[in-house]
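Spelled out, the chains give:
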There are 2 protein chains.
Amino acid sequence: MSHKPYKDFEPDWYTEVAPKDSYRYYMKWGDPAFNKPPKEGLYKLVKKIFGLTDEDFKNRRYLGLEKIDFDIPCTLSAEQIKTFKDIVGEENVAEDKISRASVCYGKTMLDILRLRHNIIENAPDIVIYPSTTEEVVKIVDFCKKEKINIYVYGGGSSVTRGPEAVKRGSVTLDLRKNFNKVISFNEKNQTITVQPGMSGPALEKLLNDAPKTLGAKRRYTCGHFPQSFEYSSVGGWAVTRGAGQNSTYYGKIEDIVISQEYVTPAGGIIKTDPVPRKACGPSIDQIMMGSEGAFGVLTEVTLKVFRFHPEDRVRFCYIFKSWEEGQEAMREVMQGEFGFPSAFRLSDEEETSFMLHLYSVEDNIVGKMLNTFGYAPGKRCLMLGFNDGDPALQKLIKKRLAKICKKHGAMALPGAVTKAWEGGRFNDPYMRDNMQDFGIIIDTLECAVDWDRMQDVYKSVRAYCKSRPKTICTTHISHCYPQGANLYFIFVIYTDDIQEFSDYHSGILDAIQKSGACMSHHHGIGKLFAPWLEGQLGSDEMNILRALKKHFDPDNIMNPGGTIGLDLEADQIVPIDVKWEKGKFRGI
Amino acid sequence: MSHKPYKDFEPDWYTEVAPKDSYRYYMKWGDPAFNKPPKEGLYKLVKKIFGLTDEDFKNRRYLGLEKIDFDIPCTLSAEQIKTFKDIVGEENVAEDKISRASVCYGKTMLDILRLRHNIIENAPDIVIYPSTTEEVVKIVDFCKKEKINIYVYGGGSSVTRGPEAVKRGSVTLDLRKNFNKVISFNEKNQTITVQPGMSGPALEKLLNDAPKTLGAKRRYTCGHFPQSFEYSSVGGWAVTRGAGQNSTYYGKIEDIVISQEYVTPAGGIIKTDPVPRKACGPSIDQIMMGSEGAFGVLTEVTLKVFRFHPEDRVRFCYIFKSWEEGQEAMREVMQGEFGFPSAFRLSDEEETSFMLHLYSVEDNIVGKMLNTFGYAPGKRCLMLGFNDGDPALQKLIKKRLAKICKKHGAMALPGAVTKAWEGGRFNDPYMRDNMQDFGIIIDTLECAVDWDRMQDVYKSVRAYCKSRPKTICTTHISHCYPQGANLYFIFVIYTDDIQEFSDYHSGILDAIQKSGACMSHHHGIGKLFAPWLEGQLGSDEMNILRALKKHFDPDNIMNPGGTIGLDLEADQIVPIDVKWEKGKFRGI
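Only a predicted model underlies this, so the values are computations on that prediction, with no experimental measurement involved.

Colleague: How should I be thinking about the sheet that holds strand 3 (residues 149-153) of chain B in this particular structure?
Modeller: Sheet strands line up and pair through hydrogen bonds in the backbone, either parallel or antiparallel. Residues and elements named next belong to chain B. In spatial order, the strands read 1-2-4-3; together these 4 strands make up an open sheet with mixed pairing. For this open sheet the edge positions go to strand 1 (93-94) and strand 3, each flanked by a neighbour on one side alone. Pairing analysis gives 5 bridges linking strand 3 to strand 4 (residues 170-174), with the strands arranged parallel. When the bridges of strand 4 are listed, Tyr151 appears paired with Thr172.

This is how it looks when you write it as structure tokens:
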């Protein structure tokens, strides 16, 4: 299943390092030098579905190679900027366009499309790189006094327009440069306390090498691996209620966070108790997680750590005759009380076909053999995953899982399939840039639902997705609980039109909301999904969040402009750029 | 270890059913006809420690057999009472003293002492027995309009003065009579939705017999068994953030609750989404749990259910040479990632000695044999527990646990010890009534702490407890996590003096707060611990709870009078009864 050169035609994938002052440099996912063109099977599939020819892959477009330029004046006074420089040091305040552009967007498809079209419609007036909680206290106090808006940039991997500075007269605190240190490590408690700008890989490396880096007795893992892992930040995990791909075993970030520290415009420092559970009123940790920067700035987070012994990892892979049978097996595993797998995924028929194409299996001898055994193309569904924890526990889970899968008509496939998925799981986002150079947009939306309503939600959301002709829509379940799971929709469409994309994207959010599922299992709400949140939570529930906002941030300076739906009044909505019809796009 | 008649002297334990109109009827724990005099070993120990003779056990006192009477006039108008009767029906409003007395207190030691001394200092004006959410909506709306205070009575097992109607012009909603029905059961999701007045045993029976009662395929358990189980309510579990004795496996109630419905004075009905996890802003469920009736009335709760197969239960019991070694073993088990025991307890030296006396083992051949092997009296510590879940998982946990315990110098004892503990665990509260008839007060306080600070917290709190001469103070750890656990202090003192007891109790709370532990792992805060909460959470954190209170209940009609520290202004504090010095007791 290695990457073979395409036989007849090799598209001219753009694989150069884009200039540092180009839109592309900030648009592209991850390592500027790494690219991931699709393998031949997938390339063929895409051509077939969209009715494209090799000719269509000759014309790369909207590469965003132009030099960054935008006309968003800095509205802060020289005196205000001087105050910030006095707080953090001259070298930690940036006023130039490149620094401002580097934090203007996250990795939302809308961000990528805008950068490809050279649209920077929002940027902070300046960028600040704080180092300590004390500096953040001073910044927040000053901003409150001067009514300056504060945006926070963690890893920049948001897919919900989370960090976008949509209001003028604003600063962005970019935590990547200085706010990324270890505060403390406690091996007895198995916890680590870090600043929120620490990146996922930096934390994981530190923990994996804990005997050297932290003087620990053992090696550890953070257990939290979102697909955005490479460029995600610990702070972003916490404030958005993120989930890693191994969350079925390790839990979502709200299960991993033990305590937090926040600086808010209400004054003082919120610091929660570092105990796993207590009964001392409502959970302040669970109030702050999910606030997505709208209540205050996360300045410290204490996380559980887990033992690291990847050499013991036990993998599994099954093929089912139908999506329904796969789901039944998944539910039975989660309700069986013999421990949970770590990664645990089930792909629907279309995703299974897509994956088998990806690895050129769909039509070859293996694919045909599967068909012979009753696992028909277009019906068959792939389940894969691996376990973590004590080796004997892993074996027990594998044994029980095997029995349940077989009961539901599944056949075991080699663990190599799982290994192949593991190998690609963090660099799949690279592929979307290469594909998009030819007008192929790959984007995702996800939701949370209980087992009982899962098929209904799946059918209605998928029906909407597929109502658009020539659209790939693949779905998987990847974060499981005894009472339900997520549904993750990946859609691939062929267009260069931002408005067309946005309308379709909004239509899917409409469909999710109407289906009765929760708008997000782990992407968060940000500014992009915000218009839908009240419809899902209910107005009485939304008013609770508004009351909290009023308490923490009465002047609305923290991540203003719609974040988690808190300030969606018409007069606060930043006008949509002229490139598409004003107000038509349902985001802000 | 069965109950033998005492050889020389059989105290005249009061074991009759107290008259229904007596204080004792409402003071006594649980089944009016059930009593639990101490076994001989414990009786002897208590005599020895308090320097008592058999003579002292001839004079029962403060039995509370007097006929209930109190002078708290109903301040509601006839018209107001008529409105309530129009809402719930004439038969569901009670104005008589017995009904009012039956909900005046919970099972806080202060409540028991007051009833023994014939003190009913607080009672609601009337008692209402609603049946439906719609009725509660009407009641809350009307109370808001008329500024009538609302208290809610679930199971009445509070040890924090939770349901006490400390303000005049109030109604108590007693949920036991009508608000105790199953709303729905969903076997696919493994959830059950019930009204909050349902008692623990009623829920458990329903689930254990699910094939008959709910038409289910399997038998289930709720997994939540607080010591107060027999007389606890599902609603009480949720609003106080309770924990069952098997919480190490099943989780605390906040881990078991999937969704809730609340009626609040803010209007509308708060109804959360029934999904296990999501990323749609702060967790509304985690805001409402811990609100202890101060934000609104819980009207529905959806809980996880688990598979029920008690025949598979695997028990274990170990004796350690020291408390420290026992704790190290416990921590290692919790961090070992091979699954968690269900019940998992470690008793300190004094509790171990107490328990061995309880079962007359301390000084007999078994006790001496233990000594021979190096498990010395006054040093040795007992660990016991059992597992739940898949039988193979249970065996794995037992195996790993055995290895860890042995590494820490422990010796296995027969599982019969665990069985003996299981047999008594829900009826131990009965014993405290029988003992107290002779002036022996048994009460408890508990806190949450991480592993790293556990010994410091233990030592400083215990030092305070033992600073009082002739005091038994036993401690155990009974709810464990990889990052920490609870510490549960049981203290036994000899006094009839309410103020003396209260001062001592306050001193322990002071000691807990000063130690840096969290005030409560699962008892909640109520009105009794409220004065300490701000000191523990911090004022900035407390202000978050106040902001929520202001949103939900701007007129402060929901469980007013100090609940979770929300309204502790001096002018709102209900004067303490003349029987002890006004204001000296640190509760309200």
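Colleague: Which parts of the structure should I look at to understand the interface of chain A and chain B?
Modeller: One frequent convention defines the size of an interface as the accessible area lost when the parts assemble. If you look at the interface, chain A gives 85 residues, while chain B gives 85 residues. Surface buried jointly by chain A and chain B totals about 6800 Å² across both partners, of which 57% is contributed by carbon and sulfur atoms. Considering only the surface of chain A that becomes buried against chain B, Arg277(A), Glu337(A) and Gln483(A) emerge as the three largest contributors, covering 12% of it. Linking chain A with chain B are 6 salt bridges. Glu328(B) is paired through a salt bridge with Lys188(A); the nearest N and O atoms lie 3.8 Å apart. If you tally residues by element for the side of chain A that touches chain B, the top one is helix 22 (residues 539-552) of chain A, at 9 residues. Per-class residue counts for the side of chain A that touches chain B are 36 nonpolar, 26 polar and 23 charged.

Colleague: Honestly, unusual backbone geometry in this entry has me stumped. Any pointers?
Modeller: Comment: phi is negative for the bulk of residues other than glycine, and the bulk of peptide bonds are trans. Residue and element names in this part refer to chain B. The phi dihedral of Arg161 falls on the positive side, at around 55°, and the residue is not glycine. Even without being glycine, Gln190 reaches a positive phi, approximately 55°. Looking at the element boundaries, Gln190 is found in the loop between strand 5 (182-186) and strand 6 (191-194).

Colleague: Just to check I follow, could you spell out the packing of helix 20 (residues 498-515) of chain B against helix 21 (residues 530-537) of chain B for this structure?
Modeller: Two numbers describe a pair of packed helices, the interaxial angle and the distance between the axes. Residues and elements named next belong to chain B. Taken N-terminus to C-terminus, the directions of helix 20 and helix 21 make an angle of 10°; their axes are 10 Å apart at the nearest point. The orientation of helix 20 relative to helix 21 falls into the category roughly parallel. Residues Ser506, Leu509, Asp510 and Gln513 of helix 20 lie in contact with helix 21, whose contacting residues are Trp532, Gly535 and Gln536. Taken together, the residues of the contact of helix 20 with helix 21 break down into 2 nonpolar, 4 polar and 1 charged.

Colleague: Just checking my understanding: could you explain the layout of surface pockets for this structure?
Modeller: Any empty space left between the atoms is revealed when a probe the size of a water molecule rolls over them. Of the volumes computed, that of the largest pocket is approximately 550 Å³. Lining the largest pocket we find 25 residues, and of these Tyr26(A), Gly30(A), Gly155(A), Arg176(A) and Tyr231(A) sit closest to its centre. Broken down by class, the residue content of the lining of the largest pocket amounts to 10 nonpolar, 10 polar and 5 charged. By volume, the second largest pocket is sized at about 470 Å³. Along the walls of the second largest pocket sit 26 residues, with Gly30(B), Lys107(B), Gly155(B), Arg176(B) and Tyr231(B) positioned nearest its centre. When its residues are assigned to classes, the lining of the second largest pocket shows 10 nonpolar, 11 polar and 5 charged.

Colleague: Which parts of the structure should I look at to understand the relation of the copies chain A and chain B?
Modeller: Note that the two copies of the chain are related through a rotation about an axis and a translation along the same axis. Rotating chain A by 180° and translating it 0.0 Å along the rotation axis places it on chain B, where the RMSD comes to 0.0 Å. This pairing of chains is accounted for by a two-fold axis. Measuring from the rotation axis to each C-alpha of chain A, the shortest distance belongs to Gln286(A), at 3.1 Å. A share of 100% of the interface residues of chain A reappears at the interface of chain B, consistent with the copies meeting face to face through the same patch.

Colleague: Can you walk me through helix 21 of chain B in this structure?
Modeller: Owing to its 3.6 residues per turn, the α-helix aligns residues three or four sequence positions apart on the same side. Residues Ala530(B), Trp532(B), Leu533(B), Gln536(B) and Leu537(B) constitute the buried set of helix 21 of chain B. In an axial view of helix 21 of chain B, the angular spread of the buried residues amounts to 140°, which keeps them on one side of the axis. Each element contacted by the buried residues of helix 21 of chain B is listed here: strand 9 (269-271) of chain A together with helix 20 and helix 22 (539-552) of chain B. Count one or two residues on from helix 21 of chain B and you reach Gly538(B), which has phi positive near 100°.

Colleague: How should the sheet that holds strand 5 (residues 182-186) of chain A be read in this particular structure?
Modeller: Residues and elements named next belong to chain A. With antiparallel pairing, 5 strands are arranged side by side in an open sheet as 5-6-10-8-9. Either end of the sheet is taken by a strand with one partner, and the two such strands are strand 5 and strand 9. Across the sheet, the mean angle from the axis of one strand to that of its neighbour is 10°, orientation sign disregarded. The sheet contact formed by strand 8 (residues 257-263) and strand 9 spans 3 bridges and is antiparallel. Along strand 9, the bridge assignment pairs Val263 with Ile269.

Colleague: What is the right way to look at the pairing of strand 17 (residues 472-477) of chain A in this model?
Modeller: As a general feature of sheets, a regular strand has side chains that alternate between the two faces. Residues and elements named next belong to chain A. Counting buried residues in strand 17 gives 6 out of 6 residues, a clear majority hidden from the surface. Burial along strand 17 is two-sided: the residues Ile472, Thr474 and His476 and Cys473, Thr475 and Ile477 are all buried. Sheet analysis places strand 13 (residues 343-347) next to strand 17, joined by 2 bridges and oriented antiparallel. When the sheet's bridge partners are listed, Ser347 is paired in strand 17 with His476. Relative to strand 19 (residues 484-494), strand 17 runs antiparallel, the two being bridged by 5 bridges. Counterpart to Cys473 in the pairing with strand 19 is Phe491.

What counts and how
Residues numbered from 1 in each chain as written. Chains lettered and ligands numbered in written order. Predicted model: local features only at pLDDT ≥ 70, side-chain atom pairs only at ≥ 80, totals over all residues. Heavy atoms only, no water. Pairing = 2+ DSSP bridges. Helix = DSSP H or I, 4+ residues; strand = E, 2+ residues; numbered from the N terminus. Contact = heavy atoms within 4.5 Å. Buried area = accessible area lost by both parts, 1.4 Å probe. Salt bridge = Lys/Arg side-chain N within 4 Å of Asp/Glu carboxyl O. Nonpolar A, V, L, I, M, F, W, Y, C, P; charged D, E, K, R; others polar. Axes fitted to C-alpha atoms, helices over the stretch in contact; angles between N-to-C directions. Parallel < 35°, antiparallel > 145°, perpendicular 65-115°, else oblique. 1 Å grid on protein atoms, 1.4 Å probe; cavity = no way out; pocket = protein on both sides within 12 Å on 5 of 7 lines; lining within 4 Å. Points joined across faces, edges and corners; volume = space filled by probe spheres on them. Least-squares fit on C-alpha atoms with pLDDT ≥ 70 in both. Buried < 20%, exposed > 50% of the residue type's maximum accessible area, 1.4 Å probe, protein only. Arc of directions from axis to C-beta.

Function cannot be read off these values alone, since they describe shape.
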